[in-house]
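# A structural walkthrough
Below are the chains, spelled out letter by letter.
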Amino acid sequence: MWILGKKEEAKLESFKATEKFPQEPSVWNTRSILCRWAGDFETSVNVCERVYQTAVAKKDFRTAGHGKHNRGNALVKLGKIEEAKEEYEKAIKMYKKYEGKTGESAEFHLKSVRQKLATLIIK
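Residues numbered from 1 in each chain as written. Predicted model: local features only at pLDDT ≥ 70, side-chain atom pairs only at ≥ 80, totals over all residues. Heavy atoms only, no water.

## Considering the packing of helix 1 (residues 7-20) against helix 2 (residues 25-37)
Cut-off, in case you're wondering: Between N-to-C directions, angles span 0 to 180 degrees; the directions come from axes that are lines fitted to C-alpha atoms, helices contributing only their stretch in contact. Per the convention used, a helix needs a DSSP run of H or I reaching at least four residues, while a strand needs a run of E reaching at least two, with both numbered from the N terminus. Angle categories are assigned with fixed cut-offs, so that under 35 degrees is roughly parallel, over 145 is roughly antiparallel, 65 to 115 is roughly perpendicular, and the rest are oblique. Handedness of a crossing is defined here by the sense of rotation of the near helix relative to the far one, left-handed for an anticlockwise turn of less than a right angle and right-handed for a clockwise turn. Here, residues are in contact when the closest pair of their heavy atoms is within 4.5 Å.
One way to put it is that helix 1 packs onto helix 2 with a least axis distance of 9 Å and a crossing angle of 150 degrees. Between helix 1 and helix 2, the angle falls in the class roughly antiparallel. The two elements helix 1 and helix 2 cross, and the hand of that crossing is left-handed. Residues A10, K11, S14, F15, A17 and T18 of helix 1 pack against V27, W28, R31 and L34 of helix 2.

See the structure below:
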C-alpha cells in the first residue's frame, strides 16, 4: 500500500497486524520499515528491537538478522554510526546462525550487510 501512495492505510494495517499478531516478527519487521520510510528513525530503532526479540523467541534467525540489519539502517540515518556497526555485526551473526541451523544460504543478506558495514568502517 505504501508504494501505491496509500501511506496512512499502510500504517493503519501495520498497527492492526502488530496488535493481532504481537508475537509474529514479520509484522514487526514491516512496521519498522514503514517507520523508516516515513522518516521516523527513532521509532524504527525501537520496533527493530521488537523484531529481533520476537524472531529469536521463535528461533527465526533470518528475521532476527533482518531486525538487526534494519536497526543498523535506522541508526545510520540518526548519525549513530558506532551503534549501527554493532547492529550490522549482530545481523551477520544471526544470518550465519540461520545458515547453520537450516543449511540454507543467507548470502544475499550477508553481502548487503557487509557492504554497508564496509562503508561505515571506511568513514
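So that's the structure; there's more coming.
## Comments concerning helix 4 (residues 61-77)
For clarity, the cut-off: Take the number of residues in a helix, subtract one, and multiply by 1.5 Å to get its expected span.
If you check helix 4, its first and last C-alpha atoms are 24 Å apart, about what 17 residues at 1.5 Å a residue would give, namely 24 Å. Where helix 4 terminates, the next one or two residues include G79, which has phi positive at roughly 80 degrees.

## Some details on the environment of I121
Here I121 is to be found in helix 6 (residues 107-122). Along the backbone, I121 and P22 are 99 residues apart, and their C-alpha atoms lie at a distance of 35 Å.

## Focus: the side chain of E87
Note the threshold: In protein, a polar contact means a hydrogen-donor-capable atom and an acceptor-capable atom, both N or O and within 3.5 Å, with residues adjacent in sequence counting only if both atoms are side-chain atoms; elsewhere, any N or O pair within 3.5 Å suffices.
You can see E87 is positioned in helix 5 (residues 81-102). Looking at E87, its side chain comes within polar contact range of the side chain of K68, at 3.0 Å. A polar contact is formed between the side chain of E87 and the side chain of R71, at a distance of 3.3 Å. Those residues in contact with E87 that sit more than four places away from it in its chain are K68, R71, G72 and L75.

## Description of unusual backbone geometry
One non-glycine residue with positive phi stands out, namely K59, at about 60 degrees. Looking at the element boundaries, K59 is found in the loop between helix 3 (41-57) and helix 4.

## Quick word on the pattern of salt bridges
Heads up, the rule is: By definition, a salt bridge exists where a carboxyl oxygen of Asp or Glu is found within 4 Å of a side-chain nitrogen of Lys or Arg. Each residue gets one of three labels from its accessible area relative to the maximum for its type: buried under 20%, exposed over 50%, partly exposed in between, using a 1.4 Å probe on protein chains only.
For the structure shown, the criterion picks out 10 salt bridges. For K16, the salt bridge is made with E13, and the minimal N-O distance between the two is 3.6 Å. Of this pair, K16 and E13 both sit in helix 1, three residues apart, which is roughly one turn of that helix. In this structure E13 comes out as partly exposed when scored by relative accessible area, which is 38%. Put simply, E87 and R71 hold a salt bridge, and the shortest N to O gap is 3.3 Å. Of this pair, E87 sits in helix 5 while R71 sits in helix 4, placing them 16 residues apart in sequence. Taking the relative accessible area as the measure of exposure, E87 reaches 4% and is therefore buried.

## Some words on the nonpolar core
Here is the rule we go by: What is meant by a nonpolar core is a set of buried Ala, Val, Leu, Ile, Met, Phe, Trp, Tyr and Cys residues, joined one to another through side-chain atoms within 4.5 Å.
Counting residues in each nonpolar core, the largest one holds 19 residues, and the members touching the most others are A84, Y88, I92, Y95, A106, L110 and V113. Within the residue set of this core, elements represented by two or more residues are helix 3, helix 4, helix 5 and helix 6. When residues of this core are assigned to their parent elements, the largest contribution, seven residues, is made by helix 5. When sequence neighbours within four positions are dropped, the list of residues in contact with I92 reads L110, V113, R114 and L117.

Bear in mind that shape data such as this cannot, by itself, settle questions of function.
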